[in-house]
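Residue-level structural notes
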Amino acid sequence: MTAEYSLQELKKEARMGGPGIETTDRHVPVIDLSDFEARKPEITEELWAAATGIGFFQLVNHGIERATVDRAFAIAEEFFALPTAVKERLPLDKSLNAGWEFLTQVRPSVGTPDQKESYQVTRPHMEGRWPAEEELAGFREFVLGFESRCWEVAMRVLSCFADRLGFDSDFFARAHDPASDQYQSTLRLIHYFALPEELRDRPGTWRAGAHTDFDCLTLLFQRDGQGGLQVCPGRDADAQEWTSVTPSSDAITCNIGDMLMRWSDDRLLSNFHRVRVPGADEYTGPRYSIPFFAQANRDVVIESPLGTYPPITAAEYLRERVNANYAHRAM
Ligand SMILES: O=C(O)CCC(=O)C(=O)O
Ligand SMILES: [Fe+2]
């Protein structure tokens, strides 16, 4: 990817920070993964249609039991309830996507920090970044197990895209090999703060400012009743029309990221999304979400079937995206 391409991406992002308008005209498809092997051709059609359109879809019967998802949210709440002094011992290393941050993520679209704290888990870089067993018993073991379950679901979905793109079915599983020290897929626990009165009507306050994800595929776990996620499809997004995604504790909300858009010669669409703050009549308490970002291993070369972009390693690709973000912020 050239620097100009990165900058062009960023200019689009900078235009996306306003409130825009809301529309209910669009639909986020719900895709049933049950009986996956037998129904794979049918599921692949549904995934492809969603990913080449709105870029978002919700998976049901995805194979991760509700009790496991509930436990993930319970343990996330326990983590964020730890004393600040404990969490401060696990600071985020941005280049490694590992550790805890508090109010530090600034999206180029809005220029204000997301109203959240988050904890990122990237397998090869967690040494010294786990709370001690006495502080939060069973946390490390559970979180790593949950990360593996997410990986499995993500690879199942990516194998469908591989079939359609002309790769072999295991192509993306090899590209996201968790046994490699080059692995860079990330599980993130997020706690969006209860909305304080004084921020309720302040323009430019976002739980997550408008952005596209850098990865191949994002799996997002949300809770019933904790809404706010909105999507604006279309790379240019000139109309600035946003559609709310209804949260569900039973579904995994998925979206395509920039890396897979590039890998698919722009056929699969990485679309803008954001998390708005609650409106006047809405629940203003804390909101928790858990995204898993399937991001190809650092040493994997991203080479699209039609050759729209020159080959680039996943590490270099991300470095350019991150650098472009910093350049923008410094201006
Ligand atoms: O919390 C959410 O609903 C969305 C989070 C998100 O888009 C992200 O972390 O990239
Ligand atoms: Fe996102």
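As recorded in an unreviewed UniProt entry, the protein goes by the name 2-oxoglutarate and iron-dependent oxygenase domain-containing protein, listed as coming from Streptomyces boetiae. Under the UniProt heading Sequence similarities (unreviewed entry), the note attached to the protein is "Belongs to the iron/ascorbate-dependent oxidoreductase family." Heading Pathway (unreviewed entry) of the UniProt record for the protein holds this comment: "Antibiotic biosynthesis."

What the five strands build is an open sheet, ordered β1-β10-β9-β12-β7; its pairing is mixed. Sheet topology places β1 (21–22) and β7 (206–211) at the edges, where each strand pairs with a single neighbour. Pairing between strand β9 (residues 229–232) and strand β10 (residues 241–244): two bridges, direction antiparallel. Each bridged residue has a counterpart across the sheet, and for Q230 the counterpart in β10 is S244.

Here we come to the coordination of the iron ion (ligand 2). At this site the iron ion (ligand 2) is bound by H211 (NE2), D213 (OD) and H273 (NE2), with donor distances of 2.1 to 2.2 Å. The sequence motif formed by the donor residues of the iron ion (ligand 2) is H-x1-D-x59-H. Here the residue H211 occupies a position in strand β7, and H273 occupies one in strand β12 (residues 272–276), the gap between them amounting to 62 residues. With respect to burial, H211 and H273 carry one shared label: buried.

Right, let's talk about the pattern of salt bridges for a bit. Inspection of every chain in the model, using the stated rule, returns 18 salt bridges. A salt bridge links E42 to R39; its shortest N-O distance comes to 3.3 Å. Taken together, the positions of E42 and R39, both in helix α2 (residues 36–51) and three residues apart, correspond to about one turn of that helix. Overall, E42 belongs to the partly exposed group, its relative accessible area being 43%. For R129, the salt bridge identified is with D93, shortest N-O distance 3.9 Å. In this pair, R129 sits in the loop between β5 (116–121) and α5 (139–165) while D93 sits in the loop between α4 (84–87) and β4 (99–102), placing the two residues 36 residues apart along the sequence. Accessibility expressed as a relative area gives 16% for R129, which makes it buried. D93 sits in the partly exposed class, given a relative accessible area of 24%. Look at the salt bridges and you will find they share partners, linking R66, D70, R223 and D250 into a network.

Right, let's talk about the site of ligand 1 for a bit. All residues adjacent to ligand 1 are R188, I190, Y192, H211, D213, L220, Q222, H273, V275, R287, S289 and F293. Between ligand 1 and D213, the relevant distance is 3.2 Å, taken from an oxygen atom to a side-chain nitrogen or oxygen of the residue. Out of a free accessible area of 300 Å², ligand 1 has 97% covered by protein chains. Elements supplying a minimum of two residues to the shell around ligand 1: β6 (186–192), β12 and β13 (287–294).

Attention now goes to the layout of surface pockets. When its volume is computed, the second largest pocket comes out at roughly 310 Å³. Looking at the lining of the second largest pocket residue by residue, the class counts come to seven nonpolar, six polar and six charged.

Following the criterion strictly, the structure yields 17 aromatic pairs and no others. Residues W100 and F102 carry aromatic rings whose centres are separated by 5.9 Å and whose planes lie at 45 degrees to one another, so their mutual orientation is tilted. Here W100 falls in the buried class, since its relative accessible area comes to 9%. Here F102 falls in the partly exposed class, since its relative accessible area comes to 41%. Ring centres of F167 and F171 lie 3.9 Å apart, and the angle between their planes is 5 degrees; this geometry places the pair in the stacked category. The burial state of F167 is the same as that of F171; both residues are buried.

Before going further, it helps to examine the nonpolar core. In terms of nonpolar packing, the biggest core is built from 73 residues, with F57, L59, Y119, F146, F161, L217 and W263 touching the most fellow members. Top element by residues in this core is α5. It accounts for 16 residues. The residues contacting L217, other than those within four sequence positions of it, are F57, A154, V157, L158, C254, N255, I256, G257, F292, F293 and A294.

Rules used throughout
Once a new chain begins, its residue numbering starts again from 1 and follows that chain's sequence as written. The naming scheme follows written order: chains are lettered A onward, ligands numbered 1 onward. Reporting in this predicted model follows two pLDDT cut-offs: at least 70 for local features of residues, and 80 or more for side-chain atom pairs to be given and counted; totals over whole chains, interfaces and linings ignore these cut-offs and use all residues. The basis for the side-chain values is all heavy atoms of the structure; hydrogens and waters are excluded. UniProt positions are given in the numbering used here, feature names are shortened, and annotations may be inferred rather than shown by experiment. Any two strands with at least two DSSP bridges between them are considered paired. Strands here mean DSSP runs of E at least two residues long; helices mean DSSP runs of H or I at least four residues long; both are numbered from the N terminus. Water is absent from the atoms considered, so a metal site may look incomplete; donors are defined as N, O and S atoms within 2.8 Å of the metal, or 3.2 Å for Na, K and Ca. Summary of the burial criterion: residues with accessible area below 20% of their type's maximum are buried, those above 50% are exposed, and those between are partly exposed, where the area comes from a 1.4 Å probe applied to protein chains only. Salt bridge criterion: a side-chain nitrogen from Lys or Arg within 4 Å of a carboxyl oxygen from Asp or Glu. If a single non-hydrogen atom of a residue is within 4 Å of a molecule or strand, that residue counts as near it. Think of a polar contact as two N or O atoms within 3.5 Å of one another; within protein, one of them needs to be a possible hydrogen donor and the other a possible acceptor, and neighboring residues in sequence only count if both atoms come from side chains. Exposure was quantified through the Shrake-Rupley algorithm and a 1.4 Å probe, taking into account, for residues, occlusion by the shown protein chains and nothing else. Only protein atoms enter the 1 Å grid used here. Points where a 1.4 Å probe fits but cannot escape make up a cavity, open sets with protein on both sides within 12 Å along at least five of seven lines make up a pocket, and a residue lines them when an atom lies within 4 Å of a point. Grid points are joined across faces, edges and corners, and a volume is the space filled by probe spheres set on the points. Each residue gets one label: Ala, Val, Leu, Ile, Met, Phe, Trp, Tyr, Cys and Pro are nonpolar, Asp, Glu, Lys and Arg are charged, and the others, such as Gly, are polar. Ring geometry is summarised as follows: Phe, Tyr and Trp rings, the Trp one being its six-membered ring, pair when their centres sit within 6.5 Å, and such pairs are stacked at plane angles under 30 degrees, edge-to-face over 60 and tilted between the two. Here, the term nonpolar core denotes a set of buried Ala, Val, Leu, Ile, Met, Phe, Trp, Tyr and Cys residues that are joined through side-chain atoms within 4.5 Å. The contact criterion used is simple: two residues touch if any of their non-hydrogen atoms lie within 4.5 Å.

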